[in-house]
Amino acid sequence: MSESEQAIFDRHIEGEQKIEPKDWMPADYRKNLIRQMSQHAHSEIIGMQPEGNWISRAPTLKRKMVLLAKVQDEGGHGLYLYSATETLNTSRDEMNAALHSGQAKYASIFNYPALSWADVGAIGWLVDGAAIVNQISLQRTSYGPYSRAMIRICKEESFHQRQGYEIMVELAKGSKEQKAMAQDALNRTWWPALMMFGPHDSDSAHSGRSMQWKIKRRTNDELRQSFVDQSVPQIEFLGLELPDPEITWNEQRGHYDFGEINWDEFKRVISGDGPCNRDRIRHHKKALAQGQWVRDALDAYHNKKSCESAA
Ligand code: FAQ
(Lines give C-alpha, C1' and ligand atoms only; values in the text may rest on other atoms or scores of the structure.)
Protein backbone atom coordinates (compact mmCIF):
# COMPACT_ATOMS: atom_id res chain seq x y z
CA MET A 1 0.00 0.00 0.00
CA SER A 2 1.40 3.39 -0.91
CA GLU A 3 1.95 5.96 1.80
CA SER A 4 -0.88 8.50 2.13
CA GLU A 5 -0.29 12.17 1.35
CA GLN A 6 -0.88 13.01 4.99
CA ALA A 7 1.69 10.41 6.09
CA ILE A 8 4.30 11.81 3.68
CA PHE A 9 3.63 15.33 4.95
CA ASP A 10 3.91 14.17 8.59
CA ARG A 11 7.15 12.34 7.82
CA HIS A 12 8.61 15.46 6.20
CA ILE A 13 7.67 17.62 9.20
CA GLU A 14 9.02 15.04 11.64
CA GLY A 15 12.28 14.67 9.68
CA GLU A 16 12.90 18.46 9.36
CA GLN A 17 12.43 18.30 5.57
CA LYS A 18 11.00 21.48 4.07
CA ILE A 19 7.51 21.50 2.59
CA GLU A 20 7.67 22.98 -0.91
CA PRO A 21 4.91 24.73 -2.93
CA LYS A 22 4.01 21.72 -5.08
CA ASP A 23 3.95 19.26 -2.16
CA TRP A 24 0.62 18.13 -0.77
CA MET A 25 -0.18 19.95 2.50
CA PRO A 26 -3.22 19.98 4.81
CA ALA A 27 -5.66 22.81 4.02
CA ASP A 28 -5.27 24.24 7.53
CA TYR A 29 -1.46 24.27 7.26
CA ARG A 30 -1.77 26.28 4.03
CA LYS A 31 -4.36 28.63 5.56
CA ASN A 32 -2.29 29.24 8.68
CA LEU A 33 0.83 29.93 6.62
CA ILE A 34 -1.01 32.41 4.37
CA ARG A 35 -2.27 34.14 7.52
CA GLN A 36 1.13 34.45 9.20
CA MET A 37 3.22 35.13 6.08
CA SER A 38 0.86 37.73 4.60
CA GLN A 39 0.70 39.50 7.98
CA HIS A 40 4.48 39.42 8.10
CA ALA A 41 4.64 40.95 4.59
CA HIS A 42 2.09 43.63 5.51
CA SER A 43 4.19 44.47 8.60
CA GLU A 44 7.25 45.11 6.46
CA ILE A 45 5.31 47.39 4.09
CA ILE A 46 3.26 49.29 6.69
CA GLY A 47 6.44 49.43 8.80
CA MET A 48 8.00 51.69 6.17
CA GLN A 49 5.66 54.52 7.19
CA PRO A 50 6.88 55.63 10.65
CA GLU A 51 10.53 55.79 9.57
CA GLY A 52 9.76 56.96 6.01
CA ASN A 53 8.29 60.04 7.62
CA TRP A 54 11.79 60.96 8.87
CA ILE A 55 13.71 60.62 5.57
CA SER A 56 13.21 64.29 4.66
CA ARG A 57 14.08 65.37 8.23
CA ALA A 58 17.19 63.25 8.88
CA PRO A 59 19.81 65.43 10.64
CA THR A 60 22.69 64.81 8.18
CA LEU A 61 23.19 63.60 4.61
CA LYS A 62 24.81 60.42 5.94
CA ARG A 63 21.83 59.66 8.17
CA LYS A 64 19.44 60.40 5.28
CA MET A 65 21.26 57.95 2.99
CA VAL A 66 21.31 55.23 5.65
CA LEU A 67 17.64 55.68 6.50
CA LEU A 68 16.63 55.73 2.83
CA ALA A 69 18.45 52.44 2.26
CA LYS A 70 16.94 50.91 5.40
CA VAL A 71 13.38 51.81 4.48
CA GLN A 72 13.99 50.55 0.94
CA ASP A 73 15.21 47.22 2.39
CA GLU A 74 11.93 46.88 4.31
CA GLY A 75 10.05 47.32 1.02
CA GLY A 76 12.22 44.52 -0.43
CA HIS A 77 11.40 42.27 2.55
CA GLY A 78 7.71 42.86 1.92
CA LEU A 79 8.18 41.81 -1.72
CA TYR A 80 10.05 38.57 -0.88
CA LEU A 81 7.36 37.71 1.64
CA TYR A 82 4.45 38.50 -0.69
CA SER A 83 6.12 36.39 -3.40
CA ALA A 84 6.69 33.53 -0.95
CA THR A 85 3.02 33.76 0.13
CA GLU A 86 1.84 33.73 -3.51
CA THR A 87 3.38 30.24 -3.85
CA LEU A 88 0.54 29.10 -1.56
CA ASN A 89 -2.04 30.02 -4.19
CA THR A 90 -3.16 33.42 -3.09
CA SER A 91 -2.71 36.73 -4.93
CA ARG A 92 -1.36 40.14 -4.01
CA ASP A 93 -4.83 41.60 -4.64
CA GLU A 94 -6.41 39.16 -2.19
CA MET A 95 -3.76 39.93 0.43
CA ASN A 96 -4.22 43.70 0.03
CA ALA A 97 -8.00 43.36 0.21
CA ALA A 98 -7.65 41.42 3.48
CA LEU A 99 -5.35 44.13 4.85
CA HIS A 100 -7.77 46.90 3.91
CA SER A 101 -10.82 45.13 5.34
CA GLY A 102 -9.01 44.53 8.65
CA GLN A 103 -9.19 40.75 8.22
CA ALA A 104 -5.39 40.57 7.95
CA LYS A 105 -3.31 42.20 10.64
CA TYR A 106 0.20 43.70 10.71
CA ALA A 107 2.59 44.22 13.62
CA SER A 108 0.93 46.43 16.24
CA ILE A 109 4.13 48.43 16.78
CA PHE A 110 3.63 50.32 13.50
CA ASN A 111 0.46 51.91 14.83
CA TYR A 112 2.53 54.16 17.11
CA PRO A 113 3.93 57.46 15.82
CA ALA A 114 7.68 58.18 15.44
CA LEU A 115 7.75 61.50 17.27
CA SER A 116 11.44 62.43 17.33
CA TRP A 117 14.70 61.55 15.56
CA ALA A 118 15.55 59.34 18.55
CA ASP A 119 12.55 57.18 17.61
CA VAL A 120 14.37 56.28 14.39
CA GLY A 121 17.21 54.98 16.58
CA ALA A 122 14.82 53.14 18.91
CA ILE A 123 12.93 51.56 16.00
CA GLY A 124 16.12 50.20 14.41
CA TRP A 125 17.53 48.99 17.72
CA LEU A 126 14.39 47.59 19.38
CA VAL A 127 11.84 46.95 16.61
CA ASP A 128 14.32 45.42 14.15
CA GLY A 129 15.98 43.79 17.17
CA ALA A 130 12.70 42.14 18.20
CA ALA A 131 11.99 41.19 14.58
CA ILE A 132 15.40 39.46 14.31
CA VAL A 133 14.94 37.42 17.49
CA ASN A 134 11.74 36.01 15.97
CA GLN A 135 13.00 35.74 12.40
CA ILE A 136 16.13 33.80 13.31
CA SER A 137 13.85 31.10 14.66
CA LEU A 138 11.73 31.35 11.49
CA GLN A 139 14.76 30.46 9.35
CA ARG A 140 13.93 26.93 10.54
CA THR A 141 10.24 27.16 9.66
CA SER A 142 8.90 24.12 7.83
CA TYR A 143 7.77 25.93 4.66
CA GLY A 144 10.71 26.20 2.22
CA PRO A 145 10.02 29.59 0.56
CA TYR A 146 9.35 31.26 3.95
CA SER A 147 12.48 29.78 5.48
CA ARG A 148 14.68 30.90 2.57
CA ALA A 149 13.22 34.43 2.59
CA MET A 150 14.12 34.68 6.29
CA ILE A 151 17.83 34.01 5.68
CA ARG A 152 18.34 37.12 3.58
CA ILE A 153 15.91 39.21 5.63
CA CYS A 154 17.78 38.43 8.87
CA LYS A 155 21.10 39.51 7.35
CA GLU A 156 19.64 42.85 6.33
CA GLU A 157 17.74 43.33 9.59
CA SER A 158 20.95 42.94 11.55
CA PHE A 159 22.38 46.02 9.77
CA HIS A 160 19.13 47.84 10.56
CA GLN A 161 19.44 46.94 14.20
CA ARG A 162 23.03 48.18 14.35
CA GLN A 163 22.27 51.46 12.58
CA GLY A 164 19.50 52.09 15.13
CA TYR A 165 21.72 51.27 18.07
CA GLU A 166 24.45 53.52 16.68
CA ILE A 167 21.99 56.44 16.60
CA MET A 168 21.13 55.69 20.24
CA VAL A 169 24.83 55.54 21.24
CA GLU A 170 25.43 58.97 19.66
CA LEU A 171 22.40 60.49 21.38
CA ALA A 172 23.12 58.86 24.74
CA LYS A 173 26.63 60.30 24.83
CA GLY A 174 25.51 63.67 23.43
CA SER A 175 24.05 66.71 25.19
CA LYS A 176 21.65 66.49 28.14
CA GLU A 177 18.76 67.16 25.74
CA GLN A 178 19.91 64.44 23.32
CA LYS A 179 20.22 61.90 26.11
CA ALA A 180 16.72 62.82 27.33
CA MET A 181 15.41 62.32 23.79
CA ALA A 182 16.99 58.85 23.68
CA GLN A 183 15.46 57.98 27.07
CA ASP A 184 12.02 59.18 25.97
CA ALA A 185 12.19 57.12 22.75
CA LEU A 186 13.27 54.03 24.74
CA ASN A 187 10.43 54.50 27.27
CA ARG A 188 7.80 54.83 24.52
CA THR A 189 9.12 52.02 22.28
CA TRP A 190 9.84 49.41 24.95
CA TRP A 191 6.31 48.15 25.69
CA PRO A 192 5.06 48.12 22.08
CA ALA A 193 8.29 46.22 21.18
CA LEU A 194 7.45 43.55 23.80
CA MET A 195 3.94 43.34 22.31
CA MET A 196 5.44 42.38 18.94
CA PHE A 197 5.78 38.80 20.21
CA GLY A 198 2.02 38.45 20.64
CA PRO A 199 -0.11 37.28 23.56
CA HIS A 200 1.14 34.97 26.32
CA ASP A 201 1.47 31.36 25.16
CA SER A 202 -1.57 30.47 27.26
CA ASP A 203 -3.67 32.98 25.26
CA SER A 204 -2.13 32.37 21.83
CA ALA A 205 -4.76 30.99 19.45
CA HIS A 206 -2.37 29.69 16.80
CA SER A 207 0.80 28.68 18.66
CA GLY A 208 -0.23 25.07 19.38
CA ARG A 209 -0.86 24.11 15.74
CA SER A 210 1.97 26.31 14.43
CA MET A 211 4.50 24.69 16.77
CA GLN A 212 3.23 21.21 15.87
CA TRP A 213 3.61 21.96 12.16
CA LYS A 214 6.97 23.64 12.83
CA ILE A 215 5.74 26.86 11.21
CA LYS A 216 6.79 28.52 14.49
CA ARG A 217 9.88 27.12 16.22
CA ARG A 218 9.79 29.09 19.46
CA THR A 219 6.76 30.30 21.40
CA ASN A 220 5.74 33.93 21.91
CA ASP A 221 6.89 33.97 25.56
CA GLU A 222 10.23 32.27 24.82
CA LEU A 223 10.99 34.83 22.11
CA ARG A 224 9.96 37.75 24.30
CA GLN A 225 12.22 36.53 27.11
CA SER A 226 15.20 36.26 24.71
CA PHE A 227 14.55 39.81 23.55
CA VAL A 228 14.45 41.18 27.12
CA ASP A 229 17.62 39.25 28.02
CA GLN A 230 19.53 40.66 25.06
CA SER A 231 18.20 44.23 25.44
CA VAL A 232 18.84 44.91 29.15
CA PRO A 233 22.68 44.89 28.86
CA GLN A 234 22.35 47.10 25.75
CA ILE A 235 20.29 49.63 27.74
CA GLU A 236 22.89 49.53 30.51
CA PHE A 237 25.71 50.11 28.01
CA LEU A 238 23.89 53.22 26.77
CA GLY A 239 23.72 54.51 30.35
CA LEU A 240 19.94 54.91 30.07
CA GLU A 241 17.40 54.06 32.76
CA LEU A 242 15.49 50.80 32.44
CA PRO A 243 12.02 51.52 30.99
CA ASP A 244 10.38 49.07 33.39
CA PRO A 245 11.04 49.26 37.18
CA GLU A 246 10.27 45.54 37.51
CA ILE A 247 13.23 44.44 35.39
CA THR A 248 15.49 42.41 37.68
CA TRP A 249 17.95 39.58 37.10
CA ASN A 250 16.52 36.28 38.35
CA GLU A 251 19.47 34.11 39.35
CA GLN A 252 17.36 30.99 39.64
CA ARG A 253 15.79 31.25 36.17
CA GLY A 254 18.93 32.66 34.56
CA HIS A 255 16.76 35.33 32.91
CA TYR A 256 15.50 38.85 33.56
CA ASP A 257 12.08 39.18 35.17
CA PHE A 258 9.98 42.01 33.80
CA GLY A 259 6.60 43.68 34.31
CA GLU A 260 3.27 42.80 32.76
CA ILE A 261 2.30 44.19 29.36
CA ASN A 262 -0.85 46.30 29.16
CA TRP A 263 -2.91 43.68 27.33
CA ASP A 264 -5.95 45.98 27.01
CA GLU A 265 -3.82 48.37 25.01
CA PHE A 266 -2.48 45.46 22.90
CA LYS A 267 -6.01 44.24 22.11
CA ARG A 268 -7.15 47.76 21.25
CA VAL A 269 -4.23 48.33 18.87
CA ILE A 270 -4.51 44.97 17.05
CA SER A 271 -8.24 45.47 16.60
CA GLY A 272 -7.74 48.75 14.73
CA ASP A 273 -7.96 51.35 17.48
CA GLY A 274 -4.33 52.35 18.08
CA PRO A 275 -2.97 55.90 17.71
CA CYS A 276 -2.16 55.58 13.97
CA ASN A 277 -4.13 52.55 12.63
CA ARG A 278 -6.48 54.62 10.47
CA ASP A 279 -3.67 56.79 9.07
CA ARG A 280 -1.54 53.77 8.20
CA ILE A 281 -4.31 52.07 6.20
CA ARG A 282 -5.43 55.33 4.57
CA HIS A 283 -1.86 55.96 3.42
CA HIS A 284 -1.48 52.38 2.15
CA LYS A 285 -4.67 52.65 0.09
CA LYS A 286 -3.55 55.98 -1.36
CA ALA A 287 -0.07 54.67 -2.31
CA LEU A 288 -1.60 51.57 -3.90
CA ALA A 289 -4.01 53.67 -5.96
CA GLN A 290 -1.23 56.05 -7.03
CA GLY A 291 0.86 53.12 -8.28
CA GLN A 292 -1.96 51.66 -10.38
CA TRP A 293 -0.60 53.25 -13.58
CA VAL A 294 2.70 51.36 -13.14
CA ARG A 295 0.89 48.03 -12.84
CA ASP A 296 -1.32 48.92 -15.84
CA ALA A 297 1.77 49.80 -17.89
CA LEU A 298 3.42 46.49 -16.94
CA ASP A 299 0.30 44.55 -17.95
CA ALA A 300 0.10 46.42 -21.28
CA TYR A 301 3.79 45.71 -21.96
CA HIS A 302 3.37 42.04 -21.03
CA ASN A 303 0.30 41.72 -23.33
CA LYS A 304 2.14 43.41 -26.20
CA LYS A 305 5.12 41.05 -25.82
CA SER A 306 2.83 37.98 -25.68
CA CYS A 307 1.03 39.11 -28.88
CA GLU A 308 4.38 39.70 -30.60
CA SER A 309 5.72 36.26 -29.68
CA ALA A 310 2.41 34.61 -30.72
CA ALA A 311 2.67 36.36 -34.10
N1 FAQ B 1 0.61 42.71 16.19
O2 FAQ B 1 -2.18 33.19 18.17
P3 FAQ B 1 -1.21 34.33 18.16
C4 FAQ B 1 9.44 43.92 11.31
C5 FAQ B 1 -2.37 38.58 16.41
S6 FAQ B 1 8.69 42.48 10.99
C7 FAQ B 1 -0.51 42.44 15.49
O8 FAQ B 1 -0.12 34.30 19.17
P9 FAQ B 1 0.67 33.84 16.02
C10 FAQ B 1 10.56 44.39 10.45
C11 FAQ B 1 -2.14 37.32 15.60
O12 FAQ B 1 -1.84 37.64 14.27
C13 FAQ B 1 7.47 42.33 12.27
N14 FAQ B 1 -1.20 41.28 15.63
O15 FAQ B 1 -0.62 34.51 16.67
C16 FAQ B 1 10.51 45.85 10.37
C17 FAQ B 1 -3.47 36.63 15.77
O18 FAQ B 1 -4.46 37.28 14.98
P19 FAQ B 1 -5.21 36.53 13.73
C20 FAQ B 1 6.48 41.36 11.91
C21 FAQ B 1 -0.69 40.38 16.49
O22 FAQ B 1 0.61 34.13 14.58
C23 FAQ B 1 11.17 46.64 11.28
C24 FAQ B 1 -3.82 36.95 17.22
O25 FAQ B 1 -3.12 38.14 17.54
N26 FAQ B 1 6.97 40.05 12.18
O27 FAQ B 1 9.06 44.47 12.27
C28 FAQ B 1 0.48 40.60 17.22
O29 FAQ B 1 0.79 32.42 16.45
C30 FAQ B 1 11.14 48.03 11.18
C31 FAQ B 1 -3.44 35.83 18.17
O32 FAQ B 1 -2.02 35.71 18.31
C33 FAQ B 1 6.22 38.97 11.95
O34 FAQ B 1 5.10 39.08 11.51
C35 FAQ B 1 1.13 41.83 17.04
N36 FAQ B 1 2.25 42.15 17.70
O37 FAQ B 1 1.90 34.64 16.70
C38 FAQ B 1 9.84 46.46 9.32
C39 FAQ B 1 6.85 37.64 12.26
N40 FAQ B 1 0.73 39.53 17.99
O41 FAQ B 1 -4.15 36.23 12.71
C42 FAQ B 1 9.80 47.85 9.20
C43 FAQ B 1 5.99 36.51 11.83
C44 FAQ B 1 -0.28 38.65 17.75
O45 FAQ B 1 -5.83 35.29 14.28
C46 FAQ B 1 10.46 48.64 10.14
N47 FAQ B 1 4.85 36.33 12.67
N48 FAQ B 1 -1.13 39.18 16.87
O49 FAQ B 1 -6.18 37.55 13.22
C50 FAQ B 1 4.89 35.64 13.84
O51 FAQ B 1 5.93 35.17 14.25
C52 FAQ B 1 3.60 35.42 14.57
O53 FAQ B 1 2.54 35.68 13.67
C54 FAQ B 1 3.44 36.31 15.86
C55 FAQ B 1 2.06 36.02 16.48
C56 FAQ B 1 4.51 35.93 16.87
C57 FAQ B 1 3.53 37.78 15.52
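Above this text sits the structure in question.
Summarised in this report is the structure supplied together with it.

Cut-offs used in this document
Residues numbered from 1 in each chain as written. Predicted model: local features only at pLDDT ≥ 70, side-chain atom pairs only at ≥ 80, totals over all residues. Heavy atoms only, no water. Helix = DSSP H or I, 4+ residues; strand = E, 2+ residues; numbered from the N terminus. Rg over C-alpha atoms; globule rule 2.2 N^0.38 Å. Buried < 20%, exposed > 50% of the residue type's maximum accessible area, 1.4 Å probe, protein only. Contact = heavy atoms within 4.5 Å. Areas by Shrake-Rupley, 256 points an atom, 1.4 Å probe, with all protein chains shown as cover. Lys, Arg positive; Asp, Glu negative; His and termini not counted. Charge placed at Lys NZ, Arg CZ, Asp CG, Glu CD. Core = buried A, V, L, I, M, F, W, Y, C linked by side-chain atoms within 4.5 Å. Patch = residues over 30% accessible without salt bridge, like charges linked within 9 Å, V, L, I, M, F, W, Y side chains within 5 Å. Salt bridge = Lys/Arg side-chain N within 4 Å of Asp/Glu carboxyl O. Near = heavy atom within 4 Å. Polar contact = N/O pair within 3.5 Å; in protein donor to acceptor, adjacent residues only side chain to side chain. Expected span 1.5 Å × (residues − 1). Bend = angle between axes of the 7 residues up to and from the residue. Phe/Tyr/Trp six-rings, centres within 6.5 Å; stacked < 30°, edge-to-face > 60°. Lys NZ or Arg CZ within 6 Å of the ring centre and 35° of its normal. Axes fitted to C-alpha atoms, helices over the stretch in contact; angles between N-to-C directions. Parallel < 35°, antiparallel > 145°, perpendicular 65-115°, else oblique. Left-handed = near helix turned anticlockwise from the far one by under 90°.

**Here we look at the overall build of the protein chain**
Each helix and strand in the protein chain was counted, giving 13 helices and 2 strands. Computed over its C-alpha atoms, the radius of gyration of the protein chain comes to 21 Å, within 12% of the 19 Å expected for a compact globule of 311 residues. When the 311 residues of the protein chain are sorted by exposure, 47% land in the buried category. Within the protein chain, contacts between residues at least 6 apart in sequence are counted, and of these 77% link residues at least 24 apart. For the protein chain, the exposed area adds up to about 16100 Å²; of that, 55% sits on carbon and sulfur atoms. Treating the 39 positive side-chain charges of the protein chain as one cloud and the 42 negative ones as another, the clouds have centres 5 Å apart.

**Brief notes about unusual backbone geometry**
One non-glycine residue, asparagine 89, lies in the positive phi region at around 75 degrees. With phi around 60 degrees, lysine 214 is a residue other than glycine that occupies positive phi space. Note on placement: lysine 214 falls in the loop between helix H9 (207–212) and helix H10 (220–238).

**So, the nonpolar core**
Trp125, Trp190, Phe227 and Leu240 are the most contacted members of the largest nonpolar core, which has 49 residues in total. If you list the elements that add at least two residues to this core, you get helix H4 (61–86), helix H6 (117–138), helix H7 (144–172), helix H8 (176–195), H10 and helix H11 (263–270). When residues of this core are assigned to their parent elements, the largest contribution, 10 residues, is made by H6. In contact with leucine 240, other than residues within four places in its own chain, are Met168, Ala172, Lys179, Ala182, Gln183, Leu186 and Ile235. Listed in part, the 22 residues of the second largest apolar core include Phe9, Ile13, Met25 and Ala149.

**Description of a nonpolar patch on the surface**
A surface patch of nonpolar side chains, amounting to about 350 Å² of accessible area, comprises Trp293, Val294 and Leu298. As for its position among the elements, valine 294 is in helix H13 (residues 292–310).

**With respect to the site of the ligand**
As a structural note, the neighbourhood of the ligand is formed by 36 residues, with Lys105, Asn134, Ser204, His206 and Lys216 the closest of them. Take histidine 206: an N or O atom from its side chain is 2.7 Å from an oxygen atom of the ligand. Lysine 216 is positioned such that a nitrogen or oxygen atom in its side chain is 2.7 Å from an oxygen atom of the ligand. Here the ligand loses 91% of its free accessible area of 1100 Å² to cover by the protein chains.

**Focus: H7**
Relative to the 42 Å expected for 29 residues at 1.5 Å per residue, H7 spans 42 Å between its end C-alpha atoms, a close match to the ideal helical length. At isoleucine 153, H7 shows its strongest bend, of approximately 25 degrees.

**Describing the packing of aromatic side chains**
Remark: the centre distance and the inter-plane angle together describe each pair of aromatic rings, the angle taken between the planes. Taken as a whole and assessed by the stated rule, the structure comprises 9 aromatic pairs. Ring plane angle 25 degrees and centroid distance 5.9 Å describe the contact between tryptophan 190 and phenylalanine 227, whose orientation is recorded as stacked. With tryptophan 190 in helix H8 and phenylalanine 227 in helix H10, this pair connects stretches of sequence that are 37 residues apart. Neither tryptophan 190 nor phenylalanine 227 differs from the other in exposure class; each is buried. Between tryptophan 249 and tyrosine 256 the ring centres are 4.9 Å apart and the planes differ by 70 degrees, which places this aromatic pair in the edge-to-face class. On the accessibility criterion, tryptophan 249 (43% relative accessible area) is partly exposed. The ring of tryptophan 54 has arginine 57 sitting right over it, with the charged end atom 3.9 Å from the ring centre. Cation over ring: arginine 162 sits above phenylalanine 159, and NZ or CZ is 5.4 Å from the ring centre.

**Notes on the pattern of salt bridges**
Summed over the entire model, instances satisfying the criterion amount to 18 salt bridges. When the shortest N-O distance is used, the salt bridge between arginine 188 and aspartate 184 registers 3.1 Å. In this pair, arginine 188 and aspartate 184 both sit in helix H8, 4 residues apart, roughly one turn of the helix. Salt bridges sharing common partners tie together Glu51, Lys70, Glu74 and Asp128.

**Observations regarding the side chain of serine 38**
Among the structural elements, serine 38 can be located in helix H2 (residues 27–46). From its side chain, serine 38 meets the backbone oxygen of arginine 35 in a polar contact 3.3 Å long. Leaving out residues up to four positions away in the same chain, serine 38 has contacts with Leu33, Thr85 and Met95.

**Details of the environment of valine 169**
By the element assignment, valine 169 lies in helix H7. Judged by relative accessible area, which is 22%, valine 169 ranks as partly exposed. Taking the C-alpha atoms as reference points, valine 169 and methionine 37, 132 residues apart in sequence, are found 33 Å from one another.

**Some remarks on the packing of H4 against H7**
Running from amino to carboxyl end, H4 crosses H7 at an angle of 160 degrees, the nearest separation of the two axes being 10 Å. The pairing of H4 with H7 is recorded here as roughly antiparallel in orientation. The crossing of H4 and H7 is left-handed.

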